[in-house]
Amino acid sequence: MALPKRIIKETERLMAEPTPGISAVPHEDNLRYFDVEISGPDGSAYEGGKFKLELFLPEEYPMSPPKVRFLTKIYHPNIDKLGRICLDILKDKWSPAHQIRTVLLSIQVLLSDPNPDDPLANDVAQEWKTNKEKAIATAKEWTEKYAK
Amino acid sequence: MSDIDFDEGDDDFLYDESGEDYLDESGEDYLDELDFTEIIQEKQERKKYEVEYKVYSIEEIEDFQNKEIEHVANIIGCFKEHAATLLRHFKWNKERLIELYMDRTEEVTKEAGVIVDAQKLPKLIKVEDFCCDICCDSGDDIESLALSCGHRFCKDCYSQYLTQKIKVEGECRNIQCPSDACNIIVDENTIKMLVSEDTYHRYTSLLIRTYVDDNIFLHWCPAPNCEYAVECKIHDSDLQRLVPTVKCKCGHQFCFGCGLPDHQPCICSLVAKWLNKCRDDSETANWISVNTKECPKCKASIEKNGGCNHMTCKKCKNEFCWVCMGPWSEHGNQWYTCNRFEEKTSVDARDSQSRSRAKLERYLHYYNRYANHEQSAKLDTELYEKTERKMERMQKSSELSWIEVQFLKEAVETVVQCRNTLKWTYSFAFYLQKDNQTTLFEDNQRDLEMAVEQLSELLEEEIKPNRIAELKQRVVDKSIYVKHRREILLEDTAQGLKESRWVFIDP
């Protein structure tokens, strides 16, 4: 099936006007599958890290949200061991007016501003709430170890 | 009229204004379908075990909604579409909607996702140099649409979006503008304009469904393929004191409280407990009762499948004698024989054994009677089907008219109904403490049971054409008596529930 105009346009724009700290490159053999890299935001526990993600645009896109997953191991209350992300716009708050770019920006924001009250990784969230300092130290450690 | 004093005044119920009309209608509607004897009963006062209710068809619910929408649209002076969105947001609580709307219009409309002072309803138009944010198509001759929020998308994307929401996600009253973080609700008219007929039909039926689901006083009739909804102003807290049995226009009789088929006079919480117990226990309990004894120490059920009388409980390692149930240590050297039946320790062990057995037997007593009535009701119905064919043949061969052979049908219906009631009296009695009240209840139960069995027996009698009039007389007399006994039992039980006269136990 031919690629919808929307996906072509988005891809072109991602290439032509890249967002600082975010890159998304489609696979040559599957233009719905993107290799993504997000830099850890300055001032966060993930600063200096480069996190790899995969992003897939399902058949229903943009009526359904893209599927996004972290490939790099990360210590974050809203991201689990398998790299799955708990983010409202990837689920019930999805709107077809969102784009790949806005999704990736939201993920970057999630890295600066973890939300332990709506956790996906329960043990991490628990640590984040009871001993924030230690949690941030672990997150930094993981960034050093896995994201560089 | 009202024997049951629910505090209707406090309810934010939606039919407040028209409540009385509905009452009158319910009386008349009902009469159409009943025969004469029942009309007479209907005219009498409502019985203690009956509740007030009304059955609605989907069309009636739609009509009612349309009236409410029109009313609200007139009061606040807006499009009907917007009034509908507001009403749905307020779950059809018109009074609260109007009150809050007058106080805090802006807040209310924002929350509900409506812009009420919009000048016109959304329309498909062509806009110069338009580019759709969803599909990125652009040009001058693309049909597009925007809600009052102004977010414009092309027709194809819009209808695809709506179809996805309705068909895949099952959304209806909460479909928002496709734009990011815009909570303006897509109105019914717009949806009708943009989706296929099939999808629109699905949309409206979802709307009706949410309407019934949102309203605690409305329930769908649980019968398969039945599309009526029943309204009954019963709160969950009332269910300890009454059994709200309703009869749908499709004929299905069910409990409004829990949705299960008619289970008078047993209250919902006991029914749930009982069914749960029966599901787990009955067959197993029967087998245990026949084949096992309990370990005198830990009460584990033990089946002796061979070997000697020296038992060692696998669970607690207690050693005892299978014959006298006393401790094995007291058997001294007399291995494999037991002559110690009267020793105190073994008598105690047997006492405790029989207590736990008694508990099991008590349950089985009630369960077997419960199950028996359920089974008998089935057999009675089968018997009737056979009899009916016989009656048809007789009608052809004799002078009897159709109406004259109908008495059996009614009698069978009475028997089946009473067996159903009896069935649930056993579940009810299982949870009753043994006291004077319970004795009275059991007397009523026994009287009804005897009468039902007699009637059931009459139905089995061989039908001879020349004695049919006499049989009819006996069957009719007995049916009336049986119905009367059932009423007495139900009335008394309902009264007892109302007065909290019954003491329940957890056996």
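A quick note: this is a predicted structure, and the numbers were derived from the prediction, not measured.

### Considering the overall build of chain A
Link 1 in the chain: In terms of helices and strands, chain A carries four helices and four strands.
Link 2 in the chain: The long-range share in chain A, meaning contacts at least 24 apart out of those at least 6 apart in sequence, stands at 54%.
Link 3 in the chain: Accessible surface, chain A: about 7900 Å² in total, of which carbon and sulfur atoms supply 52%.

### Side note on the packing of helix α3 (residues 58–76) of chain B against helix α9 (residues 197–214) of chain B
Residue and element names in this part refer to chain B.
Link 1 in the chain: Remark: α3 packs on α9, axes separated minimally by 11 Å, with the N-to-C direction vectors making an angle of 85 degrees. Relative to α9, the element α3 is oriented roughly perpendicular. The segment α3 lies against α9, with Ile58, Ile61, Glu62, Phe64 and Gln65 engaging Ile208, Tyr211 and Val212.
Link 2 in the chain: Considered class by class, the residues forming the contact of α3 with α9 number six nonpolar, one polar and one charged.

### Looking at the interface of chain A and chain B
Link 1 in the chain: Contact with chain A, which involves eleven residues of that partner, is made by 13 residues of chain B.
Link 2 in the chain: Taken together, both faces of the contact between chain A and chain B bury some 1100 Å²; the carbon and sulfur share is 57%.
Link 3 in the chain: Run the count over chain A and chain B and you get one salt bridge.
Link 4 in the chain: The residue Asp137 of chain B makes a salt bridge to Lys5 of chain A at a minimum N-O spacing of 3.3 Å.
Link 5 in the chain: Of the residues that constitute the side of chain A that touches chain B, the class distribution is four nonpolar, three polar and four charged.

### What to know about the pairing of strand β5 (residues 143–146) of chain B
All names here are of chain B.
Link 1 in the chain: In the sheet, strand β2 (residues 125–126) pairs with β5 via two bridges, with the strands oriented antiparallel. Opposite Lys126, over in β5, you have Glu143 as the bridge partner.
Link 2 in the chain: The sheet contact formed by β5 and strand β6 (residues 152–154) spans three bridges and is antiparallel. Across the sheet, the residue bridging to Leu145 is Phe153, located in β6.
Link 3 in the chain: Joining the antiparallel neighbours β5 and β6 is a turn of five residues, in which Gly150 adopts a positive phi near 95 degrees.

### Some thoughts on the nonpolar core
Link 1 in the chain: Grouped together as the largest cluster of nonpolar side chains are 36 residues, with contacts concentrated most on Phe70, Ile85, Leu104 and Ile107 of chain A.
Link 2 in the chain: If you list the elements that add at least two residues to this core, you get α1 (5–16), β1 (22–26), β2 (33–39), β3 (50–56), β4 (67–70), α2 (100–112), α3 (122–130) and α4 (132–146) of chain A.
Link 3 in the chain: With six residues, the top contributor of residues to this core is α2 of chain A.
Link 4 in the chain: Sequence-distant contacts of Phe70 of chain A, that is, excluding residues within four places in its chain, are made with Phe51, Lys52, Leu53, Ile79, Leu82, Gly83, Ile85, Ile107 and Leu111 of chain A.
Link 5 in the chain: Judged by nonpolar contacts, the second largest core, of 28 residues, contains Phe130, Ile134, Cys154 and Leu207 of chain B.

### Observations regarding the UniProt feature "active site" (unreviewed entry) in chain A
Residues and elements named next belong to chain A.
Link 1 in the chain: The UniProt feature table records "active site" (unreviewed entry) at Cys86.
Link 2 in the chain: One can find Cys86 in the loop between β4 and α2.
Link 3 in the chain: Under the relative-accessibility criterion, Cys86 is labelled buried at 12%.
Link 4 in the chain: When residues no more than four places from it in sequence are discounted, the contact partners of Cys86 are Asn78, Lys91, Leu110, Asp118 and Leu120.

Parameters at a glance
- Residues numbered from 1 in each chain as written.
- Chains lettered and ligands numbered in written order.
- Predicted model: local features only at pLDDT ≥ 70, side-chain atom pairs only at ≥ 80, totals over all residues.
- Heavy atoms only, no water.
- Helix = DSSP H or I, 4+ residues; strand = E, 2+ residues; numbered from the N terminus.
- Contact = heavy atoms within 4.5 Å.
- Areas by Shrake-Rupley, 256 points an atom, 1.4 Å probe, with all protein chains shown as cover.
- Axes fitted to C-alpha atoms, helices over the stretch in contact; angles between N-to-C directions.
- Parallel < 35°, antiparallel > 145°, perpendicular 65-115°, else oblique.
- Nonpolar A, V, L, I, M, F, W, Y, C, P; charged D, E, K, R; others polar.
- Buried area = accessible area lost by both parts, 1.4 Å probe.
- Salt bridge = Lys/Arg side-chain N within 4 Å of Asp/Glu carboxyl O.
- Pairing = 2+ DSSP bridges.
- Core = buried A, V, L, I, M, F, W, Y, C linked by side-chain atoms within 4.5 Å.
- Buried < 20%, exposed > 50% of the residue type's maximum accessible area, 1.4 Å probe, protein only.
- UniProt positions renumbered as here; feature names shortened; annotations may be inferred.

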